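# Commentary on secondary and tertiary structure
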Amino acid sequence: MKASIKWLKEFVDFPLSPKEIAIALTMSGLEVEALEERDDDAILEVSIPPNRPDCLSIMGIAREISAILRLPFKNISVSVPKEEGEPPSVEIKDSALCRRYASRIIRGVKVAPSPQRISHRLELHGFRPANNVVDITNYVLLEMGHPLHAFDLGRLAGNRIIVKTAGPVNKILTLDNAHKNLAGDMLLIWDADKPVAIAGIMGGLDTEVSSSTVNILLESAYFNPVSVRRTSKAINLSTESSYRFERGADIEGLGSALNRAAQLIAETAGGKLTAMTDNYPAALKPVHIPVSLSKINKILGVDIDFSVVRDLLIRLGFEIKRAGEGITVIPPSFRQDIQRDIDVIEEIARLYGYDKFPATLPAVRMQTMPQGSGLFPATYRVIKTIENSMRSSGFSEVINYSFLNPLVFDTLRFPVNDKRREVIKIRNPLRKEEEALRTTLIPALLDNVILNISRGEKSLRFFELTRVFLPAGQKLPHESLRLAAVYLKSPHAPSLWQGKHEGFYEMKGAMENLFIKLRIKNYSFTDSDLCEPYLYPGKSCAVSVNGRNIGSLGTLHPALSESLDI
Amino acid sequence: MTIEDVLSIKNLADEEIKKTGDLKSVQALRIKYLGKKGVLTAKINSLGAIPKEDRPEYGRVINETKDYVESLIKQQEEFFKASELENLLKANRIDVTVPGFFIPHGYQHPTSRVLDEIVDVFLSLGFRIEEGPEVESDYYNFEALNFPKDHPARDMQDTFYVTDDVVLRTHTSPVQVRVMEKNKPPLRVIAPGKVYRCDADVSHTPMFQQIEGFMVDEHISMSDLKGVLEIFAHAVFGASTPVRFRPSFFPFTEPSAEVDIGCVICGGTGCRVCKNSGWVEILGAGMINPRVFEMVGYDPELYTGFAFGMGVES
């Protein structure tokens, strides 16, 4: 969220430089990711965590600043001009998905470009100005955080609004001039005949406010966050509006946002406004959260008393009452993230300042380890031994991505019934070549060799020791550890061996070293046709331990090294 | 045999031994005089033929002669052995400036080195290592960590899906849940491993390594979290590295924190690496959310705990 310092100062007059305010916000939980200094202003780029939709506005951030710096917050004074005419007719058919819908009609507006002070601010905050009506809805969204929508009343059949799900309707043409496919449970805004907007996400193109618009209907509503999010994901469209609704808008504050916009439209585009139709079937009940002082101090490891807690919470706009040993806290309506005592404790910690906490070391209780496993899982020591042995045999560790291109099985000459062809696939891979999880480590090691040859390397030894993913006939695959190593031998590389010899024996020696270090005695290398299809028949063997086949070792198949240009 | 005979043997031996030019001829003289059939040995053997009253005198002279010859030969042998060794050393000089034979040595991947270094710090604090699957169920990766379905917090992590219900783990945090489900506090655990995000650009790779850590007991506080992580940061980045904690948001911790260290590149004055802030974020942490405790069947009024997670590469 971008926020202009100048605009913020309309709500809280802070004496800090842009850089200082950026640090103050960052240190209390709203991380300022960038600061753009301009001639007469500065723009903060503030990262708003998902639990703080109340800060997705200039006022929201200003409210935080006033709490952090103990400065008075200057609320906006909205004065609605004289109301006249019939208020809009609104019917909510699905009050679980739309808990409140407030609206006004403004008749006789002159749609035109916005005054410069409006359009300039929109541009500073990343919005493209359209016309004075649409711009004001965006201006108020930025200022107060509540998404609004303006319909061309002339194009609303029956001059009325019905809030209900899509039902059998499966398509709508939205403002971005694209048809959106609808599902039956998606919430829409309808006129008497047809859907005119996807609730909380985007308006329909047909009822868009344009230069020919004379009368508008202004919507300020509260839509169910889960419903907005599901629809937004399903139609793959995220907007400034849906972003705020899915995080939770302020159901109590939407009336003043409507009034603020109505007032600004009347001021800049003219027109007469009607009274508000406020459809709010079940008013929000504020939560009362009991919090014990001892729990605050236990969790934070501090020793703060009631007066400190009260001061911190009042600065945040919380109501607070003493209740026996503890307190009862009533958060403001825009803080729907505050539901449990731990939420209150976090607010106290945040505003108190993490830097004021002591750094202590916990007292620990000794215990035995489960299954007598000690500090490591059983495999951990073995892994370290194998890594050490491979390194001492001259092999360097590589870490490749766990992804695999299934086409590689043909290159490796795997028979069609090779078990390793059964891969776990990723539904949304970044690239088609990375759509499967590895069932063998070999392809990536061969890629490492090819890449290094292209960089001019003549001799190299790599190993990788990690998991492969094998379908196990249950929800999660079997993750099994594999060791693979590759040796590119240059005829010119110096060697401790005299004369010419097959690199095979060096590789075999590395394996023998490994068995010695693992204290495995009963191993054997046998000339076998069971060997890997990518190995050189007659220059490869099967490796077994205690009579069980555990792998293969050999020179790369000549057909393969030719096709890979190794 | 007369005394003079013995003395003339002595004189002859003296002359011969002193004239020798190498070890071999000394050894030949040893055989000639002192061998089984040697000249002096023969004299000793013939003592029986000497009249009884003269035997002690003869015996003394012969023994003295034998000791004299013996020591003279030994002296000469040592002289030649020493000079032979000297010649050997002179003859066998090598050129030590010729390059050595290359014994290949493999290297640990830099990420593994850093990972081991971090793990060691926590092992020394009595944390134990646990592991979990990289292909993980939605329940462990999200649901049990208080990321409900349809919650915007899920947007914080781009997820690779295998099915609707199975993902490549986006963090090592699911290990927290798996370990807590199977064990009762007290717990001190670290869980290193690979994690995946559906994201690739200059500063992101789709696979990277994380280390998760957590501690649960009856009186673990946020101040303890600060203490433990300060030890960690000082051990890895140097004892004088400044560390700061600031509020953040993660669904599975509350309160949550980001931990920054003073930028090691510019020393805190501001550079490209720290985006001119003087600080570099190293990890996310917080007090384990009571909702997570509820999910694993711990009493959140009895137990408290902290958790942290860090990327190894960054």
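Residues numbered from 1 in each chain as written. Chains lettered and ligands numbered in written order. Predicted model: local features only at pLDDT ≥ 70, side-chain atom pairs only at ≥ 80, totals over all residues. Heavy atoms only, no water.

Check the secondary structure of chain A and you find 16 helices and 26 strands. Radius of gyration (C-alpha) of chain A: 34 Å, far over the 24 Å computed for a compact globule of 566 residues. With the C-alpha coordinates aligned to their principal axes, the bounding extent of chain A is approximately 100 × 60 × 50 Å. Counting every position in chain A, which comprises 566 residues, the buried fraction comes to 52%. (Helix = DSSP H or I, 4+ residues; strand = E, 2+ residues; numbered from the N terminus. Rg over C-alpha atoms; globule rule 2.2 N^0.38 Å. Buried < 20%, exposed > 50% of the residue type's maximum accessible area, 1.4 Å probe, protein only.)

With that settled, the discussion passes to the interface of chain A and chain B. Between chain A and chain B, the residue contacts involve 80 residues of the former and 91 residues of the latter. Here chain A and chain B share an interface that buries about 7300 Å² over both sides, 56% of which is from carbon and sulfur atoms. Here chain A and chain B share 9 salt bridges between them. One salt bridge in this structure joins D165(B) and K475(A), with 3.0 Å as the shortest N-O distance. Taken together, the links from chain A to chain B amount to 33 residue pairs in polar contact (both at pLDDT 80 or more). By residue class, the composition of the side of chain A that touches chain B is 37 nonpolar, 18 polar and 25 charged. (Contact = heavy atoms within 4.5 Å. Buried area = accessible area lost by both parts, 1.4 Å probe. Salt bridge = Lys/Arg side-chain N within 4 Å of Asp/Glu carboxyl O. Polar contact = N/O pair within 3.5 Å; in protein donor to acceptor, adjacent residues only side chain to side chain. Nonpolar A, V, L, I, M, F, W, Y, C, P; charged D, E, K, R; others polar.)

All names here are of chain A. Direction vectors running N to C along helix α10 (residues 306-315) and helix α11 (residues 341-352) enclose 90 degrees, while the axes themselves pass 10 Å from each other. Taken as axis vectors, α10 and α11 run roughly perpendicular relative to one another. The segment α10 lies against α11, with V308, V309, L312, L313 and R315 engaging V344, E347, I348, L351 and Y352. By residue class, the composition of the contact of α10 with α11 is 8 nonpolar, no polar and 2 charged. (Axes fitted to C-alpha atoms, helices over the stretch in contact; angles between N-to-C directions. Parallel < 35°, antiparallel > 145°, perpendicular 65-115°, else oblique.)

It is worth spelling out unusual backbone geometry at this point. All names here are of chain B. In the segment running from P185 into P186, the intervening peptide bond is cis, with an omega of 5 degrees. With respect to the helices and strands, the residue P186 is situated in the loop between α7 (174-182) and β5 (187-196). Unusually for a residue other than glycine, N276 sits at a positive phi of about 65 degrees. Here N276 shows up in the loop between β8 (253-262) and β9 (279-288).

Residues and elements named next belong to chain B. Buried residues dominate β5, accounting for 10 of its 10 residues. Here strand β1 (residues 128-129) runs beside β5; their pairing, made up of 2 bridges, is parallel. By the bridge assignment, R128 is partnered in β5 with V189. Note: β5 against strand β6 (residues 207-217), 10 bridges, orientation antiparallel. Among the inter-strand pairings, V195 is bridged to a residue of β6, identified as F208. (Pairing = 2+ DSSP bridges.)

Looking now at the nonpolar core. Residues and elements named next belong to chain A. If you look at the biggest cluster of nonpolar residues, it comprises 154 residues, and the most contacted ones within it are I61, Y101, I189, F223 and L313. At 9 residues, helix α8 (residues 254-269) tops the list of elements feeding residues into this core. Excluding anything up to four places from it in sequence, L313 contacts F318, I320, I327, V329, V344, E347 and I348. (Core = buried A, V, L, I, M, F, W, Y, C linked by side-chain atoms within 4.5 Å.)

On to the pattern of salt bridges, then. Residues and elements named next belong to chain A. Under the counting rule described, the total for this entry stands at 63 salt bridges over all chains. Between R420 and E532 there is a salt bridge; the shortest N-O distance is 2.9 Å. On the criterion of sequence distance, the pair formed by R420 in the loop between α13 (408-411) and β21 (436-437) and E532 in the loop between β24 (523-526) and β25 (535-545) is long-range, its members being 112 residues apart. Residue classification places R420 among the buried residues on the basis of a relative accessible area of 19%. Between K432 and E435 there is a salt bridge, with its nearest N and O atoms 3.1 Å apart. For K432, a relative accessible area of 59% gives the class exposed. Overall, the relative accessible area of 11% leaves E435 in the buried class. Three or more residues are tied together by salt bridges with common partners; here these are R52, D54, E64, R335, D337, E347 and R350.

A few words now on the packing of aromatic side chains. For any pair of aromatic rings, geometry is given as the distance between the ring centres together with the angle between the planes. A complete count under the given rule lists 26 aromatic pairs over all chains for this structure. Residues Y523(A) and F525(A) carry aromatic rings whose centres are separated by 5.9 Å and whose planes lie at 80 degrees to one another, so their mutual orientation is edge-to-face. Their ring planes at 70 degrees and their centres at 5.3 Å tell us that F79(B) and F80(B) sit as a pair that is edge-to-face. Since its relative accessible area comes to 51%, F79(B) is described here as exposed. On the accessibility criterion, F80(B) (9% relative accessible area) is buried. An aromatic cluster of three or more residues is present, and its members are F122(B), F127(B), F232(B), F237(B), F306(B) and F308(B). Taking the ring centre of Y243(A) as reference, the NZ or CZ of R247(A) above it sits at 3.6 Å. The side chain of R322(A) reaches across the aromatic face of F306(A), ending 4.3 Å from its centre. (Phe/Tyr/Trp six-rings, centres within 6.5 Å; stacked < 30°, edge-to-face > 60°. Lys NZ or Arg CZ within 6 Å of the ring centre and 35° of its normal.)

Right, let's talk about the domain arrangement of chain B for a bit. The domain boundaries assigned to chain B delineate domain 1 (3-91) and domain 2 (110-311). Between domain 1 of chain B and domain 2 of chain B, the C-alpha centre-to-centre distance is 88 Å. (Domains from an automatic or database assignment.)

On to the side chain of T172(B), then. Along the chain, T172(B) falls in the loop between β4 (166-168) and α7. Discounting residues that sit within four places of it in the chain, T172(B) has contacts with A191(B), P192(B), G193(B), V195(B), Q210(B), I211(B) and E212(B).

This brings us to the sheet that holds strand β2 (residues 31-37) of chain A. All names here are of chain A. As summarised here, the arrangement of the 3 strands in space is β1-β3-β2, forming an open sheet in which the pairing is antiparallel. Bordering the open sheet on either side are β1 (2-4) and β2, each of which pairs with just one other strand. Averaged over all pairs of adjacent strands, the angle between strand axes in this sheet comes to 25 degrees, irrespective of strand direction. Where β2 lies against strand β3 (residues 42-47), 6 bridges are found, and the strand directions are antiparallel. Bridge assignment links E31 to a residue of β3, and that residue is S47. Sheet strands touched by helix α2 (residues 18-26): β2 and β3. Its angle to β2, the strand with the most contacts, is close to 170 degrees.

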